[in-house]
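Residue-level structural notes
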2 protein chains.
Amino acid sequence: MNLDRREFAALILGAAASLSVGSAASADDDPLPSWNDGPAKQAILKFVHATTDAKSPQFVPLAERIATFDQDGTLWVEHPIYTQLVYCFDRVPALVKAKPELARVEPFRTVMTGDRDAIAKLGLEPLLKVVAATLTGMDVDTYRDEVAKWITQARDPRWKRTYDQLVYQPQIELLRYLRRVGYRTYIVTGGGQDFVRVYSERVYGIPPEQVVGSAGAVSYRYAADGRPELIKEPKLLLNDDNAGKPEGIHLMIGRRPVFAFGNSTGDRQMLEYTKAGTGARLAMLVLHDDGAREYSYGPAQGLPDTKVGRFTPELYDEATKDGWIVVSMKNDWKRVFAFE
Amino acid sequence: MNLDRREFAALILGAAASLSVGSAASADDDPLPSWNDGPAKQAILKFVHATTDAKSPQFVPLAERIATFDQDGTLWVEHPIYTQLVYCFDRVPALVKAKPELARVEPFRTVMTGDRDAIAKLGLEPLLKVVAATLTGMDVDTYRDEVAKWITQARDPRWKRTYDQLVYQPQIELLRYLRRVGYRTYIVTGGGQDFVRVYSERVYGIPPEQVVGSAGAVSYRYAADGRPELIKEPKLLLNDDNAGKPEGIHLMIGRRPVFAFGNSTGDRQMLEYTKAGTGARLAMLVLHDDGAREYSYGPAQGLPDTKVGRFTPELYDEATKDGWIVVSMKNDWKRVFAFE
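Turning to the overall build of chain A, a few remarks are in order. When you go through chain A residue by residue, the secondary structure sums to 13 helices and 7 strands. At 22 Å, chain A has a C-alpha radius of gyration in line with the 20 Å of a compact globule built from 340 residues. In terms of overall dimensions, chain A has a C-alpha envelope of 80 × 55 × 40 Å along the principal axes. Look at the contacts in chain A between residues 6 or more apart in sequence, and 65% of them connect residues 24 or more apart. As displayed, chain A has an accessible area near 15,100 Å², and 54% of this comes from carbon and sulfur atoms.

Listed below in structure tokens is the structure:
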């Protein structure tokens, strides 16, 4: 194999380009095939070009390329109830087996009946009892193993698939695309940090240290055999929702995001905080307006108010006023799930 | 330029090797020139080889290569008092200028006299008042700017150098070496997370998101002009010392370190937690036994008990028993500071 200087240079440059991060993808390969051509996709492509092209006046250095994504309703399905709550309910039988006296105590008695209507009528206080009993009291390794097992076994009632398959394919492509151009992708979720960290790397390509979520205290102690362990305590350190999202971002990342993606009022402050930075910033919101392929809820734009993952008319107005991009699941996403 | 297949392959492989991370350095270039040849340096080289050589039975995948370093007394000088406390005292005049009524209130009155003996006699409660008044109440950007200015201007009384020059050169080399072989280096400090994050990237090559430290709450609010801001509150979220170190590592990183380096009883639990993992683990402690080049304090090994950064005989015993490597500043470090 003989190469002249020009051929050799082209080969080396080609190899270097395939190894490098930080530059936008070439125009002829579509990084977002599950997105319809439209204003949302165009806004993403324009933003990536503006912040990663070294000649752009809005170029963002590699170290500052932080993109934060809400999880429930933004990366995966949150209806009819949050997946982590399903986990909590599913854990109750094992809990009662370990502590039989709970079978006679509310709300565990009701949960054990399996009566969905009665369970749905449980108020917030009983619900928090179930959450505390199933998410705390064990060491962090035991909890991780339990979640890891559940997440690949439990199936949702509508699609009969494991919950980790109910992720939105357009968002998986967006996460990959952002990482390919040098963004570090974070999850910033109201859900439990320890819960999401179990599967985030496998499902989203996001490592545990890039998951910010609601977090309880852990306490360091020595087990009977002298080995140190960390026990999950029923004490909330960070309520990572609403104002807690920018607060959690400061605590865990210490940099303001350049890009933020959410879907409900719980993401409002994260998007405001992101957009308040200087230079190019992109804020996006998923609107669940596709009852046929997924779910339909608002109450913005006349969609039903289901109380889970609310996208209010006020949020819609703020998005319009401040240039946040509202993504219509129905119109902007060619495909919702990988299994379609 | 003509190349045959073998020459071409060698060139490409050479370029690829220089771009790759994850393999140990070649034997003929010393990654730790400021370390004397001895058991400490040998332990580091052996550990790196065992965990990064793909053929080693103790090989650690890239994603799990986490190394955590205490800061005060491990990466930079902590005597005669912690640098962040010097910052707090230095801020008092500006504070009194902004709120003149403080000049008549203790402990601010005493601090304003500049009487070092009287200041040294202030108890813990008055000290915490100074800390709270100088580290909280402002938005995080204002605080960052103030620290960034101070850290390049204030000079310590002994060497007459800025505090960010009082970093240990052997540790800078170790941080670089670990990163070169694919470790992510974290600071895990009892000091303030927001304080250390200001200069960690420039001084240690450690970005803000890899600094875990004692952290206060911040609260999201809107300034008079409507812009969102994060205000530092006088409420401690994480006391990142002693048991707080492994607790903070779980909260902020979510993985158990493979390597941990400290220097005092405040690092004990972090080192225990690190060593309790499976596979190769390395735990190290700096012993400050070099009063000539730096400071001499213990009280382990008959060194003076100065109350700042205590290395007790009990800690020394645990290190010996559990195979932690005690680094003698006097014997193991060829050079302490870059400016020597």
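All right, on to the packing of aromatic side chains then. Residues and elements named next belong to chain A. Throughout the structure, instances matching the rule amount to 40 aromatic pairs over all chains. Judged by centre distance (6.1 Å) and plane angle (55°), the ring pair of Phe-259 and Phe-261 falls under tilted. Residue Phe-261 is classed as buried on the basis of its relative accessible area, which comes to 0%. Taking the centre distance of 4.9 Å and the plane angle of 5° together, the rings of Phe-337 and Phe-339 count as stacked. Of the residues examined, Phe-339 reaches a relative accessible area of 24% and is grouped as partly exposed.

Residues and elements named next belong to chain A. Scored by pLDDT, chain A comes out at a mean of 92, with 92% of its residues at no less than 70. Long-range and interchain partners of residues 1–25, a stretch whose pLDDT sits below 50, account for 38 contacts in this model, where long-range means more than four residues apart. In the predicted complex, the global pTM is 0.92; the interface-specific ipTM is 0.91.

Let us now look at the pattern of salt bridges. Counted under the stated rule, the structure contains 46 salt bridges over all chains. Here B:Glu106 ties to B:Arg109 by a salt bridge, and the two come within 2.9 Å at their closest N and O atoms. If you follow the salt bridges from partner to partner, you end up with A:Asp141, A:Arg144, A:Asp145 and B:Arg256 in one network.

So, about the pairing of strand β5 (residues 259–262) of chain A. Residues and elements named next belong to chain A. Residues of β5 alternate between two faces, with Phe-259 and Phe-261 on one and Ala-260 and Gly-262 on the opposite face, all of them buried. Pairing analysis gives 3 bridges linking strand β1 (residues 66–69) to β5, with the strands arranged parallel. Looking across to β5, one finds that Thr-68 is bridged to Ala-260. Pairing between β5 and strand β6 (residues 282–287): 4 bridges, direction parallel. Note on β6: the bridge partner recorded for Phe-259 is Leu-282. Of the crossover connections in this fold, the one passing from β5 over helix α11 (residues 268–275) to the parallel β6 is right-handed.

Moving on: the packing of helix α10 (residues 244–252) of chain A against helix α9 (residues 193–204) of chain B. Taken N-terminus to C-terminus, the directions of α10(A) and α9(B) make an angle of 60°; their axes are 10 Å apart at the nearest point. Here α9(B) runs oblique to α10(A), going by the angle between their axes. Across the interface between the two elements, A:His250, A:Leu251 and A:Met252 from α10(A) touch B:Gln193, B:Asp194 and B:Arg197 from α9(B). When grouped by side-chain class, the residues that make up the contact of α10(A) with α9(B) number 2 nonpolar, 2 polar and 2 charged.

Residue and element names in this part refer to chain B. Reading across the sheet, the 7 strands line up as β4-β3-β2-β1-β5-β6-β7 and stay open at both edges, with mixed pairing between neighbours. Edge positions in the sheet fall to β4 (228–238) and β7 (325–328), since each has one partner strand and no second. Averaged over all neighbouring strand pairs, the angle between strand axes comes to 30°, with direction disregarded.

Residue and element names in this part refer to chain A. Burial analysis of strand β2 (residues 184–192) places 7 of its 9 residues in the buried class, which makes it a mostly covered element. Taken together, the 4 bridges between β2 and strand β3 (residues 211–222) define a ladder with parallel strand orientation. Its bridge partner being in β3, Val-188 is matched across the sheet by Val-212.

This part is about the sheet that holds β5(A). All names here are of chain A. Taken in spatial order, the 7 strands make up an open sheet running β4-β3-β2-β1-β5-β6-β7, and their pairing is mixed. Only two strands of the sheet have a single neighbouring strand rather than two, namely β4 (228–238) and β7 (325–328). Along the sheet, successive strands turn relative to each other by an average axial angle of 30°, direction set aside. Along the sheet face, helix α9 (residues 193–204) touches β2, β3 and β4 and points at about 145° away from the line of β2. Contacting β1, β2, β3 and β4, α10 crosses the sheet at an angle of about 125° to β2.

Moving on to helix α7 (residues 140–151) of chain B. For α7(B), built from 12 residues, the straight-helix expectation of 16 Å at 1.5 Å per residue is met to within 8% by its first-to-last C-alpha distance of 16 Å. Considering only its buried residues, α7(B) is in contact with α10 of chain A together with α3 (83–98), α6 (124–135), α9, β3 (211–222) and β4 of chain B. A distance of 3.1 Å separates the backbone nitrogen of B:Asp141 from a side-chain oxygen at the start of α7(B), and that oxygen is part of B:Asp139.

This next bit is on unusual backbone geometry. A cis amide bond, omega 0°, links A:Glu106 with the succeeding residue A:Pro107. With respect to the helices, strands and loops of the structure, A:Pro107 is situated in the loop between α3 (83–98) and α4 (108–113). We note that A:Lys307 has phi near 75°; this positive angle belongs to a residue other than glycine. Overall, A:Lys307 belongs to the exposed group, its relative accessible area being 63%. Although it is not a glycine, B:Asn242 adopts a positive phi angle of roughly 55°. Tracing the sequence through the fold places B:Asn242 in the loop between β4 and α10 (244–252). The exposure class assigned to B:Asn242 is partly exposed, which follows from its relative accessible area of 34%.

Residues and elements named next belong to chain B. The topology assignment puts Thr-265 in the loop between β5 (259–262) and α11 (268–275). By relative accessible area, which is 27% here, Thr-265 ends up partly exposed. If we skip the residues at most four places from it in the chain, Thr-265 touches Asn-242, Arg-310, Thr-312 and Leu-315.

Turning our attention to the side chain of A:Thr51. Residues and elements named next belong to chain A. With respect to the secondary-structure elements, Thr-51 resides in helix α2 (residues 39–52). A polar atom in the side chain of Thr-51 sits 2.9 Å from the backbone oxygen of Phe-47. With near-sequence residues (within four places) excluded, Thr-51 lies in contact with Gln-58, Phe-59, Val-60, Arg-65, Tyr-183, Val-258 and Ala-280.

For the rest of this paragraph, the subject is helix α12 (residues 313–322) of chain B. Residues and elements named next belong to chain B. Leu-315, Glu-318 and Ala-319 are the residues of α12 that are buried. Along the axis of α12, the buried residues cluster in a sector spanning 100°; they form a single face. Within α12, the exposed residues directed more than 90 degrees away from the buried face are Glu-314, Asp-317, Thr-320 and Lys-321. Along its buried surface, α12 packs onto α11, β6 (282–287) and β7.

This next bit is on the environment of A:Val203. All names here are of chain A. In this structure, Val-203 sits in helix α9. In sequence terms Val-203 and Leu-95 are 108 residues apart; their C-alpha atoms lie 28 Å from each other. Excluding residues that lie within four positions of it along the chain, Val-203 makes contacts with Asp-164, Val-167 and Ile-172.

Thresholds, definitions, all that
- Residues numbered from 1 in each chain as written.
- Chains lettered and ligands numbered in written order.
- Predicted model: local features only at pLDDT ≥ 70, side-chain atom pairs only at ≥ 80, totals over all residues.
- Heavy atoms only, no water.
- Helix = DSSP H or I, 4+ residues; strand = E, 2+ residues; numbered from the N terminus.
- Rg over C-alpha atoms; globule rule 2.2 N^0.38 Å.
- Contact = heavy atoms within 4.5 Å.
- Areas by Shrake-Rupley, 256 points an atom, 1.4 Å probe, with all protein chains shown as cover.
- Phe/Tyr/Trp six-rings, centres within 6.5 Å; stacked < 30°, edge-to-face > 60°.
- Buried < 20%, exposed > 50% of the residue type's maximum accessible area, 1.4 Å probe, protein only.
- pLDDT = per-residue confidence, 0-100.
- Salt bridge = Lys/Arg side-chain N within 4 Å of Asp/Glu carboxyl O.
- Pairing = 2+ DSSP bridges.
- Right-handed = clockwise from strand over helix to strand, strands pointing away.
- Axes fitted to C-alpha atoms, helices over the stretch in contact; angles between N-to-C directions.
- Parallel < 35°, antiparallel > 145°, perpendicular 65-115°, else oblique.
- Nonpolar A, V, L, I, M, F, W, Y, C, P; charged D, E, K, R; others polar.
- Expected span 1.5 Å × (residues − 1).
- Polar contact = N/O pair within 3.5 Å; in protein donor to acceptor, adjacent residues only side chain to side chain.
- Arc of directions from axis to C-beta.

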